[in-house]
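Next come the chains, spelled out residue by residue.
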Amino acid sequence: RHGDVYGLSSADLQDLATLGDSAGGSSGLRMLRMEQRIDGRPVFQSETRFLVDRDGRLIKSLGQMVPHARSMAPALGPLRLLTAEEAVARLLQAAGRQADAKDFAVQTAKGDGLLELSENNEFVAGAVNAREVLFPLAPGLLVPAWSLVVFTSGEQDWYAMIDQQTGAVLW
């Protein structure tokens, strides 16, 4: 009923995936967690929480839905996209580290498209988590990207977005 408040078309509503639904106990308030997914790819930072009362009325929401995301999503069919291994190597290279895609290999494919990559690189400390997403680069523009969580032997760990077409660090 409130799709227009969020700038969502009827097609956009079909792209909402439920992440969780909490009954809420005696208060009767229920929290529904959802994110936008276009052809299985989550839209980066689109997770939204909706608070609904026992009569089904929307009380509050918190999140960043992308209006008309489906119409902005790129057609990925013929594109040559970076692999997860190539994306991790690009991230390390952008940080001035030595890395090659051959240093990494998909170890496990988990649910929701999450990949766990084993590493053979002295700077990376343990498995890397990688997930394909759509990144809102500018108003009206979604680009395919790798979401990477990298634990390092340095002073900081990384959560980064790498453009799947160019290898650029987006975030």
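Residues numbered from 1 in each chain as written. Predicted model: local features only at pLDDT ≥ 70, side-chain atom pairs only at ≥ 80, totals over all residues. Heavy atoms only, no water.

A. Highlighting the pairing of strand β9 (residues 141–150). In terms of burial, β9 is largely enclosed, as eight of its 10 residues are buried. The loop that links strand β8 (residues 128–138) with its antiparallel partner β9 comprises two residues; one of these, Gly-140, has a positive phi angle of about 80°. Pairing of β9 with strand β10 (residues 158–163) involves six bridges; the strand directions are antiparallel. Opposite Ala-145, over in β10, you have Asp-163 as the bridge partner. (Buried < 20%, exposed > 50% of the residue type's maximum accessible area, 1.4 Å probe, protein only. Helix = DSSP H or I, 4+ residues; strand = E, 2+ residues; numbered from the N terminus. Pairing = 2+ DSSP bridges.)

B. Seen up close, the packing of aromatic side chains. Counted by the stated rule, this structure contains six aromatic pairs. Ring geometry for Tyr-6 versus Phe-50: centroids 5.6 Å apart, planes at 85°, classification edge-to-face. Here Tyr-6, found in the segment before α1 (10–13), pairs with Phe-50, found in strand β4 (residues 48–52); they are 44 residues apart in sequence, far enough to count as distant. Clustering of aromatic rings is evident, with ring pairs tying together Phe-44, Phe-135, Tyr-159 and Trp-171. The ring centre of Phe-123 lies 3.8 Å from the NZ or CZ of Arg-97, which sits over that ring. (Phe/Tyr/Trp six-rings, centres within 6.5 Å; stacked < 30°, edge-to-face > 60°. Lys NZ or Arg CZ within 6 Å of the ring centre and 35° of its normal.)

C. Seen up close, the side chain of Asp-12. Structurally, Asp-12 is set in helix α1. As a buried residue without a salt bridge, Asp-12 has its nearest oppositely charged side chain in Arg-70, at a separation of 6.3 Å. In terms of polar contacts, Asp-12 uses its side chain to reach the backbone amide nitrogen of Arg-70, at 3.4 Å. With residues up to four places along the chain from it excluded, the contact list for Asp-12 reads Gly-7, Pro-67, His-68, Ala-69 and Arg-70. (Lys, Arg positive; Asp, Glu negative; His and termini not counted. Salt bridge = Lys/Arg side-chain N within 4 Å of Asp/Glu carboxyl O. Polar contact = N/O pair within 3.5 Å; in protein donor to acceptor, adjacent residues only side chain to side chain. Contact = heavy atoms within 4.5 Å.)

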